[in-house]
Amino acid sequence: MRTDSSPGTLPAREHLPAGDAGTPVLDVVIPVYNEEKDLPPCVRRLHEHLARTFPYAFRITIADNASTDTTPLVAARLAAEIPEVGTVRLELKGRGRALRTVWSASDAPVLAYMDVDLSTDLNALLPLVAPLISGHSDLAIGSRLARASRVVRGPKREFVSRAYNLILRGSLQARFSDAQCGFKAIRRDVAQVLLPLVEDTGWFFDTELLVLAERAGLRIHEVPVDWVDDPDSTVHIVRTAAEDLKGVWRVGKALATGSLPLDRLVRPFGDDPRDRELTGVPHGLARQLVGFCVVGGLSTLFYLLLYSGFRQAVGPQTANALALLVSAVANTAANRRLTFGVRGRGGAVRHQAQGLVVFGIGLALTSGSLAALNAAGDSPAHSTELAVLIAANLAATVLRFLLFRAWVFPDRTEPAPPPTATAPSPYAWPHRATTHLRAAEAITEATAHPHAAEATDATARPRPARPCSTDPGDTR
């Protein structure tokens, strides 16, 4: 995971600026590897569809992933034949590498990609990019798992796809429904900030990009698609699934340790209603209370398990001290990251030291409660000890939250300094022109055309197309 970048702050979402007359609004990338047969019909069909339904200038870029057949020659002939088609040759394989290379160099404000076999019906293309043009969303993905989607594929591929997305939801808390559908788009200004953070160069590239975007608070638009599986697709499910699981572990570890600067990718005040502060309410109090309660509940269970285990070997006071010490370290680390949003390793030792002071207060409360219980009667039952400890911990919890909020993790947010005339950071968001595309009007006019209406109808009959594979494991 790349952690050496320092992204800038996002501006408010706007309609994309009107560029030069020769600058396309949309750049569709088609990554290919040894696709000499399927490439010509794919490019011609996509070009015909865009020329007929897309209301702005566009470009189709063929990204050749080190093909060893005649794919480079076929791509060159298509580029010479069709003015809107270009080609890029890469000497190394990898879909993620191809997308990163082309997207980083493109001048189009909207960047998209799709697989060469066009399993996804092209009628979803305009609904995919329209929210990005209008400024409503930052990324857009086609989803085969949405309720309105119509998908034709075998049970094996269906199981793999759904299992993979369940893993993402359970491990990385992903909320998007379909990570691996080969039908996605992103705004170029967003890509310029996110791409340096994405490490994977293969099939996990999509998932990593989406997880980082979602964790950064960016808006991801999902479009139900009609999709037909490719029965002739060559897939290596085990190998690709293993690589994806390694990627899930790597990204999850980076997010858990706070080594990614995603907190800097914030929208300005007022762009997101959740960012608005209420008069008289401390910033983030509600969210911190929820996070603290969740962490506290888990910590209490952890503490009780430790106490029960230690109690088998030592006395109640020693067992309580050991269990509280271990759970306090875990509680401070969890609250630091999850409740108060402190990322990185800076100040971690100081926070743990302050947390141990808070631990001492909790130890005094719980130890005093045990001492009072033992003084009240000889050899109290184990269940009675647990009940007293739970009550003492609840009292200590309230004090712990107040000390955490006011002393250990105080809100030291300072107002942003006025902008200065400094050289732009390579990760800074570019300024946008004051002239904007009339995206909504143009798309409305496009949908008024009979063919365009067919293109934007999410429930339109899917066009016959040679299916392709975009599930994890496809090594095209």
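Preceding this paragraph is the structure being described.
Attention here is on the structure that accompanies the text. Worth saying up front: this structure is predicted, and the values here are computed from it rather than measured.

Phi angles above zero are rare outside glycine, and Asn-34 is one such case at about 55°. Tracing the chain through its elements places Asn-34 in the loop between strand 1 (26-32) and helix 1 (39-53). A positive phi angle, near 55°, is found at Leu-118, a position not held by glycine. Mapped onto the elements of the fold, Leu-118 is located in the loop between strand 4 (110-114) and helix 4 (125-134). In this structure Leu-118 comes out as buried when scored by relative accessible area, which is 5%.

One open sheet accounts for seven strands, arranged 3-2-1-4-7-5-8; its pairing is mixed. For this open sheet the edge positions go to strand 3 (85-90) and strand 8 (220-224), each flanked by a neighbour on one side alone. The sheet shows a mean angle of 20° between the axes of neighbouring strands, direction not considered. Of the strand pairs in this sheet, strand 1 and strand 4 are connected by four bridges, and their pairing is parallel. Paired with Val-29 across the two strands is Tyr-113, which belongs to strand 4. Seen against the sheet, helix 3 (residues 95-105) touches strand 1, strand 2 (58-65), strand 3, strand 4 and strand 7 (183-187) and runs at an angle of roughly 150° to strand 1. Relative to the sheet, helix 7 (residues 205-215) contacts strand 4, strand 5 (139-143), strand 7 and strand 8, its axis offset from that of strand 5 by approximately 130°.

As a further point, take the packing of aromatic side chains. The final tally for this structure, using the stated rule, is 10 aromatic pairs. Through pairs of rings, three or more aromatic residues link up here, namely Phe-292, Phe-340, Phe-401, Phe-404 and Phe-409. Positioned above the aromatic ring of Trp-227 is the side chain of Arg-144, whose terminal nitrogen or guanidinium carbon lies 4.9 Å from the ring centre.

Attention now moves to the pairing of strand 2. Strand 2 sits mainly inside the fold: seven of its eight residues count as buried. Two elements, strand 1 and strand 2, share seven bridges in a ladder whose sense is parallel. In the strand pairing of strand 2, Ile-30 is matched with Ile-62. At this point the chain moves from strand 1, through helix 1, to the parallel strand 2, and the crossover so formed is right-handed. As paired strands, strand 2 and strand 3 are joined by six bridges and run parallel to one another. Pairing of Thr-61 across the sheet is with Gly-86, part of strand 3.

Definitions and limits used
- Residues numbered from 1 in each chain as written.
- Predicted model: local features only at pLDDT ≥ 70, side-chain atom pairs only at ≥ 80, totals over all residues.
- Heavy atoms only, no water.
- Helix = DSSP H or I, 4+ residues; strand = E, 2+ residues; numbered from the N terminus.
- Buried < 20%, exposed > 50% of the residue type's maximum accessible area, 1.4 Å probe, protein only.
- Pairing = 2+ DSSP bridges.
- Axes fitted to C-alpha atoms, helices over the stretch in contact; angles between N-to-C directions.
- Contact = heavy atoms within 4.5 Å.
- Phe/Tyr/Trp six-rings, centres within 6.5 Å; stacked < 30°, edge-to-face > 60°.
- Lys NZ or Arg CZ within 6 Å of the ring centre and 35° of its normal.
- Right-handed = clockwise from strand over helix to strand, strands pointing away.

Any link to function would need more than the numbers given here.
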